[in-house]
Amino acid sequence: MDMSVTVSAAEGEPQREKAEAKTIARGANASDLDAWLEKVEALGELKRITAEVDPDLEAATITYLVGGQKSPALLFENIKGHPGHRALYNMIGCNLSRFCLMIGEQPVDHPLKAVQILQQKLGRKMPPKEISAEQAICNQNIVEGNDIDIRIFPAQRMWPLDGGMYLGTGDAVVTKDPETGRINVGTYRMMIKGPREVGVYTSPGKDATIDREKWWKMGKPMPIAAAYGIDPLLFLVAATSLPKTECEYEYYSGINGAPIEVFTSELTGLPLPARAEIVLEGFLYPDETFAEGPFGEFTGYYGRPSGATPFMRVERVCYRDNPTLTCALMADTAANEAGLFWAALRSAGVWADLQKLGVPGIKGVWSIPEAAGWGITVVSIKQMYAGHAAQVMALAAQCTAGAYFGKYVIVVDDDVDPTNVNQVLWAMATRSRPAQSIDILRETWSTYLDPSLNPPEIRPWGSKCLINACMDYRFIKTFSKRTKLSKDAYENVVARWQELGLSGSPPVISVFEDETSPGSVS
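An account of the accompanying structure is given in this report. Predicted model, so just to flag it, every value in this text is computed and none were measured.

The rules behind these values
Residues numbered from 1 in each chain as written. Predicted model: local features only at pLDDT ≥ 70, side-chain atom pairs only at ≥ 80, totals over all residues. Heavy atoms only, no water. Helix = DSSP H or I, 4+ residues; strand = E, 2+ residues; numbered from the N terminus. Rg over C-alpha atoms; globule rule 2.2 N^0.38 Å. Contact = heavy atoms within 4.5 Å. Areas by Shrake-Rupley, 256 points an atom, 1.4 Å probe, with all protein chains shown as cover. Lys, Arg positive; Asp, Glu negative; His and termini not counted. Charge placed at Lys NZ, Arg CZ, Asp CG, Glu CD. Salt bridge = Lys/Arg side-chain N within 4 Å of Asp/Glu carboxyl O. Buried < 20%, exposed > 50% of the residue type's maximum accessible area, 1.4 Å probe, protein only. Pairing = 2+ DSSP bridges. Axes fitted to C-alpha atoms, helices over the stretch in contact; angles between N-to-C directions. 1 Å grid on protein atoms, 1.4 Å probe; cavity = no way out; pocket = protein on both sides within 12 Å on 5 of 7 lines; lining within 4 Å. Points joined across faces, edges and corners; volume = space filled by probe spheres on them. Nonpolar A, V, L, I, M, F, W, Y, C, P; charged D, E, K, R; others polar.

1. Notes on the overall build of the protein chain
Part 1 of the reasoning: Scanning the protein chain from N- to C-terminus turns up 12 helices and 25 strands.
Part 2 of the reasoning: Against the globule reference of 24 Å for 522 residues, the protein chain gives a C-alpha radius of gyration of 24 Å, in line with a compact fold.
Part 3 of the reasoning: Taking the principal axes of the C-alpha coordinates as reference, the protein chain spans close to 85 × 55 × 40 Å.
Part 4 of the reasoning: The contacts in the protein chain between residues at least 6 apart in sequence include a share of 72% that link residues at least 24 apart.
Part 5 of the reasoning: Surface exposure of the protein chain reaches about 22,100 Å², of which carbon and sulfur atoms provide 53%.
Part 6 of the reasoning: Placing the 51 positive and 63 negative side-chain charges of the protein chain at their respective mean positions leaves the two points 4 Å apart.

2. Structural notes on the pattern of salt bridges
Part 1 of the reasoning: Per the stated rule, a full pass over the model turns up 34 salt bridges.
Part 2 of the reasoning: Across the pair Lys-193 and Glu-197 runs a salt bridge whose closest N-O atoms are separated by 3.2 Å.
Part 3 of the reasoning: Judged by relative accessible area, Lys-193 falls into the partly exposed class, the value being 37%.
Part 4 of the reasoning: As a salt-bridge pair, Arg-431 and Asp-413 come within 3.1 Å of each other at their nearest N and O atoms.

3. As for the sheet that holds strand β3 (residues 73-76)
Part 1 of the reasoning: Strand order across the open sheet formed by four strands is β2-β3-β4-β20, with mixed pairing between neighbours. The open sheet is flanked by β2 (46-49) and β20 (324-326), the only strands paired with a single partner. Adjacent strand axes in the sheet meet at a mean angle of 20 degrees when their direction is disregarded.
Part 2 of the reasoning: Summarising the sheet, β3 and strand β4 (residues 86-89) pair through three bridges and their orientation is antiparallel. Across the sheet, the residue bridging to Phe-76 is Ala-87, located in β4.
Part 3 of the reasoning: The sheet strands contacting helix α2 (residues 58-67) are β2, β3 and β4, and the helix crosses β3 at an angle near 160 degrees.

4. Description of empty space enclosed by the protein
Part 1 of the reasoning: Summed over the entire model, instances satisfying the criterion amount to three cavities of 30 Å³ or more.
Part 2 of the reasoning: In this structure, the largest cavity occupies an estimated 70 Å³ of space.
Part 3 of the reasoning: Lining the largest cavity are Asp-32, Ile-230, Asp-231, Leu-234, Tyr-252, Ile-260, Glu-261, Pro-273, Ala-274, Arg-275 and Ala-276.
Part 4 of the reasoning: Counted as a void, the second largest cavity has a volume near 50 Å³.
Part 5 of the reasoning: Forming the walls of the second largest cavity are 13 residues, and the residues nearest its centre are Arg-346, Thr-377, Ala-396, Gly-402 and Val-409.
Part 6 of the reasoning: Among the secondary structure elements, those contributing two or more residues to the lining of the second largest cavity are α8 (339-356), α9 (388-398) and β23 (408-413).
Part 7 of the reasoning: The residue makeup of the lining of the second largest cavity, split by class, is six nonpolar, four polar and three charged.

5. Observations concerning the sheet that holds strand β5 (residues 129-130)
Part 1 of the reasoning: Read from one edge of the open sheet, three strands run β5-β14-β15, paired in mixed fashion. Both edges of this open sheet fall to β5 and β15 (271-273), since each of them pairs with a single strand only.
Part 2 of the reasoning: One ladder, built from three bridges, connects strand β14 (residues 261-264) with β15; its direction is antiparallel. The partner of Phe-263 across the bridge, within β15, is Leu-272.

See the structure below:
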């Protein structure tokens, strides 16, 4: 699990009220995760599971079964073999309301509103705030040397063929570029090897891999730290490929609207998140590897069979009393815990890139969460000139935010909601012409985790399919008119929804008929 989708920052300051944070007592044992969970519980979206649950397959199975639809965050409070420890799954899942809470906003009623908010917030950065180690909540308990046994924490096995128990899934791994001093915060899968050893799988070309190679070229072990029990917002920025010269802490602080608190470790020299609940510190030594994996990945397939993977020699473990381990289930379709926020991140990044490139008429960008988070991107445009749709397809596929992995780019007209898969499929079926509307880009940037690329030696080279599902611009004025509702009739039905005995809320419609039929009844 090397969870990273590239985005680029957009300019602008969001003009909204932040989510109202409840007054939370910052006692000696309160973390940022506690604060977030309290807000989630107030929203009615936290499920506390007090029955005993086994960390070996059972917790993940529960999460998968409930995570395929809108579902609460799952806090397992009675973990077999780990008294006093908790595990949190389904932090965001496919729930837009919790995504909004994660980025510090009130829940919104449409995914594109959340994308626009995030797009703006990615454009503001601020440095972290340094505090003393004594003030860090994770330092309530400190264990060093041969007294360490990381198996006290409720590491999880999520899928039957996983190679072992994984402590690191919903994590934030901290490394440093020894040449520039740039701090990287990433999310990587971490399988337990022994009491003081944990694997760190990073894909080629990722920041932690580059940092490691630089340290080893100098003949030195790489200092490394891993944080768990973290604020979901830290998970979001850690699981995102931001510019390689910049630090994720700054993006966290900008989205949060206040600097993240860090303390500098005298062991590794790394700035560590002070309000994380668990922190492991140690070093990666050259030529020390073990057979890590396989692991059930975000694609819904097992990624990379067991192979030589570096492992951290853990020198220090810090944790708060009664800590919570944050876990992220990688799975197919909507059960992928990172699907929604990956979709929002890619959408915000592509939208920002298109604006920077000066492309007009962009009405919305959405990467479908159920399609492995970033496998399919849909762009809605107001066509303004010949070749407009083709231009958008090509740029959305290869801009900074869209280049990695995504296989399909679909462009639709502005009367189609890109977040509504039903509407997108309808546009593809009625407006695209397979012989004229589909282009293929070859030798593009893919991922080692894509199971469709065989033999595996050809990875990470991939390809992209560009689908023009817009009305043919040459005939747009005479293109067959689509059926649209009358605005007056729609508003009348909405007003009578309960009177009519209809359940739920009426669908939100924004496209209405604006012409009058010659045969209209007067």
